[in-house]
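Residues per chain, in single letters:
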Amino acid sequence: MDVHEEIKAYITSQPEPKRGDMQELHRFILQALPGCKLWFLDGKNSENKIVSNPNIGYGYYTIKYADGKTKAFYQIGMSANTTGISVYILGIPDKTYLAQTYGKELGKASVTGYCIKFKTLKDINMDILEAAIRYGVEVTSEN
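Residues numbered from 1 in each chain as written. Predicted model: local features only at pLDDT ≥ 70, side-chain atom pairs only at ≥ 80, totals over all residues. Heavy atoms only, no water.

In this structure, what is going on with the packing of helix α2 (residues 18–32) against helix α4 (residues 126–141)? I would like to understand it.
The geometry of a pair of packed helices is captured by two quantities: the angle between their axes and the separation between those axes. Axis separation between α2 and α4 bottoms out at 11 Å; the angle between their running directions is 50°. What the angle tells us is that α2 and α4 run oblique. You can see that α2 and α4 cross each other, and the crossing is right-handed. Contact residues: Leu-25, Phe-28, Ile-29 and Ala-32 in α2; Met-126, Leu-129, Glu-130, Ile-133 and Arg-134 in α4. Here the contact of α2 with α4 is composed, by residue class, of seven nonpolar, no polar and two charged. (Axes fitted to C-alpha atoms, helices over the stretch in contact; angles between N-to-C directions. Helix = DSSP H or I, 4+ residues; strand = E, 2+ residues; numbered from the N terminus. Parallel < 35°, antiparallel > 145°, perpendicular 65-115°, else oblique. Left-handed = near helix turned anticlockwise from the far one by under 90°. Contact = heavy atoms within 4.5 Å. Nonpolar A, V, L, I, M, F, W, Y, C, P; charged D, E, K, R; others polar.)

Here you go:
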């Protein structure tokens, strides 16, 4: 299966209304980041054990670890969780920035250093979500 098929199968496997929200959010992110690299991580490690929720990834940047190692990864991620959807904005150096800058205007969402978690898209201000996504891509594109 190619990445597009994996993403479609993952989204389709979700119950409604989460499925519809994820389809809409997938289209939304693709419009915000045209031509971005797509990723699909099934959440399993090298021993085939589940270590995280499956993730859809968008964009490309290089994670630089403290020991000098690097790893290619996505800039923006999306995943279903038990109560809704998580959007990951990776690579922002200031772990308080997302919550301080976008948290109040975003809507009914939990915002941590790199994760925006919400129950449904109707709870979210999509313009603010797009601004957060674009900021995350800008920051990691400058590295």
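Hey, could you run me through the pattern of salt bridges in this one?
Side chains that differ in sign of charge can pair as their charged atoms come close. On inspection of all chains with the given rule, the structure shows two salt bridges. Glu-16 is paired through a salt bridge with Arg-19; the nearest N and O atoms lie 3.5 Å apart. For Glu-16, a relative accessible area of 49% translates into the label partly exposed. The exposure class of Arg-19 is partly exposed, given its relative accessible area of 26%. With its nearest N and O atoms 2.8 Å apart, the salt bridge here joins Arg-134 to Glu-130. (Salt bridge = Lys/Arg side-chain N within 4 Å of Asp/Glu carboxyl O. Buried < 20%, exposed > 50% of the residue type's maximum accessible area, 1.4 Å probe, protein only.)

What is the right way to look at the nonpolar core in this model?
Nonpolar side chains in soluble globular proteins generally cluster together in the buried interior. Membership of the largest hydrophobic core comes to 35 residues, with the highest contact counts inside it found for Leu-25, Leu-33, Tyr-58, Ile-76, Ile-89 and Leu-129. The element contributing the most residues to this core is α4, with six residues. Not counting residues within four places of it along the chain, the set of residues in contact with Leu-33 comprises Tyr-58, Ile-76, Ile-133 and Val-137. By size, the runner-up hydrophobic cluster in this structure holds eight residues, among which are Tyr-61, Tyr-74, Tyr-88 and Leu-90. (Core = buried A, V, L, I, M, F, W, Y, C linked by side-chain atoms within 4.5 Å.)

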